[in-house]
Amino acid sequence: MADTTVRIDGNTLRLPGGVAVRFIRTLRLPESGTHPLPPGLGEFPVRRVADYADRVPEAWRARGGVMLPVYLREAMWLSFAGTSEPAALQVGVGKVCAVSGRPWSDRPARDPQNYVVLPRQPWLDGINSGTGTVRQFVAVPLGLGATVEGQVTGEEVWGGVQLQSFALNDRELARWREEERRRQVPPAPAPPGAYGGAMPAAFGSPAAGGYGAPAAGGYDAAMPMAAPPAPGAAPAPAATGAAPPAPGAAPAAPASAPRAAAAMGLGVGGSMRQEVYQDDRPLSDWSRQPAGRVFVHLVTPPEWRRITGEAAPPSPVDRAAYTRAGLPWFDYYDEEAQDLAPTDTLQSVKPVGDWLGDDHEPWQPPAPGQTQQLKDAPGKPVEDGDW
């Protein structure tokens, strides 16, 4: 039987079949207009739910997976750099497909396509809601109706992000590996500061106001959104082998009955130029059984600290400071790839500002010449659950 184990390697999720997924912090775009690709400002830390089973809600233990901390209205994108073999990766936001807008499925499908093709798709910044564009992933609490899940299904039950990968079938995988063996050409390294690459050290210092600087107040400050314990909730048995706090982290809260955590999901923000590529393989090339899957819980910073004993990373640098520093934005175009047409379902999703109000942080557009053109494992297994 094939190994379906998902593991954490640093902050990278590694799904069977060579799929690598990282969650990247970024600048939030304004909700009007269409923009270049925003920069990567560091990775979200990722932890296994099973390591904190005595501090997370029962529903999280049942779903298994991993968790990461996000601020209210914080934006993110998914990087697939490091994926080593072809895969069809489904990306769900509250169990709504981010590519097709259809309900979560256990199979890859066409008409509409419900997956991204790796490694052809280098990243995904949002839902496929326009021709040659996506709308940015933005974190919002459940219960307002602002998530993609709430707008598409009328309910907010799941939240979080869901990933499920499908490898090529045995015949096609053997053929692909033989072709790769003949080529034996190593990929070119990403240029310094490229989309998803490391940012210059000076900008990442507190003095520069960049990633790693103290979080300022305003939209990106930590929001105290933790809910009270559920009435009548019974204490859960304490887990063994929980991960120790990171060096210098505050001690974790003493074990107690897990309370209902402030659940977060993904809504949408501004539009950016990005294609979601159409698969040029027949559907029969892909396995019918998933190679691996994982549920990604989104946690508010106060809850993250309570559960893990770690402080969440400070909120990303403000947009004006980034642009004033002259650091790059990006455009990416692959002339050999075919863009997927958006579905009516995802085109109709409204931005989070319709629920949370206007973004009062001034927008600072990139200066002329600031946008760069791109192109033309170890660790414990992540436990899957019932979702």
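Being a predicted model, the structure only gives us computed values, none of them experimental.

Enquirer: Describe the side chain of Thr343, and please don't skip the residues or the numbers.
Expert: Mapping Thr343 onto the fold places it in the loop between strand 16 (329-333) and helix 6 (344-347). Among the polar contacts listed, one links the side chain of Thr343 to the backbone oxygen of Ser100, at a separation of 2.8 Å. Among all residues touching Thr343, those that are not within four sequence positions of it are Ser100, Gly101, Pro112 and Asn128.

Enquirer: Outline helix 3 (residues 170-183), supporting the account with residue identities and numerical values.
Expert: One turn of the α-helix equals 3.6 residues, which is why residues spaced by three or four share an orientation. A rise of 1.5 Å per residue sets the reference length of helix 3, with its 14 residues, at 20 Å; its end C-alpha atoms lie 20 Å apart and thus fit the reference within 8%. In the segment just after helix 3, Gln184 is the residue with positive phi, at about 50°.

Enquirer: Give me the pairing of strand 12 (residues 133-141): which residues, what numbers.
Expert: Among the nine residues in strand 12, nine count as buried, and that is most of the element. Two elements, strand 7 (residues 75-79) and strand 12, share two bridges in a ladder whose sense is antiparallel. Note on strand 12: the bridge partner recorded for Met76 is Phe137. The pairing of strand 11 (residues 126-130) with strand 12 spans three bridges and is classified as antiparallel. Within strand 12, the position partnered with Ile127 by the bridge is Arg135.

Enquirer: Before we move on, can you summarise the packing of aromatic side chains with the specific residues and values?
Expert: One pass over the structure, following the stated rule, counts four aromatic pairs. Centroid distance Trp77 to Trp123: 6.2 Å. Interplanar angle 75°. Geometry classified as edge-to-face. Within this pair, whereas Trp77 is found in strand 7, its partner Trp123 is found in strand 10 (residues 123-124), the two being separated by 46 residues in sequence. Measuring from centroid to centroid gives 5.4 Å for Phe295 and Trp387, while their planes differ by 75°, and the two rings are edge-to-face. Trp387 shares its class with Phe295; the two are buried. Grouped by ring-pair contacts, the aromatic residues Trp104, Phe295 and Trp387 constitute a single cluster. When the ring centre of Trp158 is taken as reference, the NZ or CZ atom of Lys95 above it lies at 4.2 Å.

Enquirer: So what about the pairing of strand 11? Which residues, and what values?
Expert: With five of five residues buried, strand 11 lies mostly within the body of the structure. Hairpin connection, strand 11 to strand 12: the antiparallel pair is bridged by two residues, and Gly132 has positive phi, about 75°.

Enquirer: Quick one: what's the story with the pattern of salt bridges, residue by residue and with numbers?
Expert: What the rule picks out here adds up to 18 salt bridges. The partner of Arg175 in a salt bridge is Glu172, with the nearest N and O atoms 3.3 Å apart. Residue Arg175 and its partner Glu172 are located together in helix 3, separated by three residues, close to a single helical turn. Two residues, Arg281 and Glu172, come together in a salt bridge whose shortest N-O distance is 3.8 Å. With Arg281 in the loop between strand 14 (264-273) and strand 15 (292-299) and Glu172 in helix 3, this pair connects stretches of sequence that are 109 residues apart. Residue Arg281 is classed as partly exposed on the basis of its relative accessible area of 21%. Note on Glu172: relative accessible area 7%, which makes it buried. Salt bridges sharing common partners tie together Arg171, Glu172, Arg175, Arg281 and Asp285.

Enquirer: Give a detailed account of the sheet that holds strand 9 (residues 116-118), specifying residues and quantitative values.
Expert: Sheet strands pair by backbone hydrogen bonding; their relative direction is either parallel or antiparallel. Pairing is mixed in the open sheet, where six strands are placed in the order 5-6-15-13-8-9. Each end of this open sheet is capped by a strand with a single partner; those strands are strand 5 (47-48) and strand 9. Pairing of strand 8 (residues 87-93) with strand 9 involves three bridges; the strand directions are antiparallel. By the bridge assignment, Ala88 is partnered in strand 9 with Val117. Helix-sheet contacts for helix 4 (residues 301-308) involve strand 5, strand 6 (66-69) and strand 15, and the interaxial angle to strand 6 is about 130°.

Enquirer: Got a sec to walk through the environment of Gly292? Specific residues and values, please.
Expert: Among the secondary structure elements, Gly292 is positioned in strand 15. Taking the C-alpha atoms as reference points, Gly292 and Ala2, 290 residues apart in sequence, are found 9.7 Å from one another. Gly292 has contacts with Thr4, Leu15, Pro16, Leu163, Gln164 and Ser165, leaving out every residue within four places of it along the chain.

Enquirer: Help me get a handle on the environment of Ala59, residues and values and all.
Expert: You can see Ala59 is positioned in helix 1 (residues 58-63). The exposure class assigned to Ala59 is partly exposed, which follows from its relative accessible area of 38%. For the pair Ala59 and Trp158, spaced 99 residues apart in sequence, the C-alpha separation works out to 9.8 Å.

Quick notes on the rules
- For every chain, the first residue of the written sequence is number 1, and numbering continues from 1 onward in sequence order.
- In keeping with the predicted nature of the model, local features appear solely for residues at pLDDT of at least 70, side-chain atom pairs appear and are counted solely at 80 or more, and the whole-chain, interface and lining totals rest on all residues.
- Values shown for side chains rest on all heavy atoms present in the structure; no hydrogens or waters enter the calculation.
- The way it works is that DSSP assigns letters per residue, a run of H or I at least four long becomes a helix, a run of E at least two long becomes a strand, and they are numbered from the N terminus.
- Whenever a nitrogen or oxygen atom comes within 3.5 Å of another N or O atom, the pair is scored as a polar contact, on the condition that within protein one atom can donate a hydrogen and the other can accept it, and that pairs from neighbouring residues in sequence are kept only if both atoms are in side chains.
- We call two residues in contact whenever any of their non-hydrogen atoms come within 4.5 Å of each other.
- Given the number of residues in a helix, its expected span is that number minus one, multiplied by 1.5 Å.
- Three exposure classes are used, based on accessible area relative to the maximum for each residue type with a 1.4 Å probe and protein chains only: buried under 20%, partly exposed in between, and exposed over 50%.
- Strands are treated as partners if at least two bridges between them are detected by DSSP.
- Aromatic pairs are defined between Phe, Tyr and Trp rings, using the six-membered ring for Trp, whenever the two ring centres lie within 6.5 Å; interplanar angles under 30 degrees are classed as stacked, those over 60 as edge-to-face, and all others as tilted.
- In this scheme, the term charge over a ring applies when either NZ of a lysine or CZ of an arginine sits within 6 Å of the ring centre and within 35 degrees of the ring normal.
- Note on definitions: salt bridges are taken to be side-chain nitrogens of Lys or Arg within 4 Å of carboxyl oxygens of Asp or Glu.
- All axes here are fitted lines through C-alpha atoms, helices being fitted over the stretch that makes contact, and every angle between N-to-C directions spans 0 to 180 degrees.

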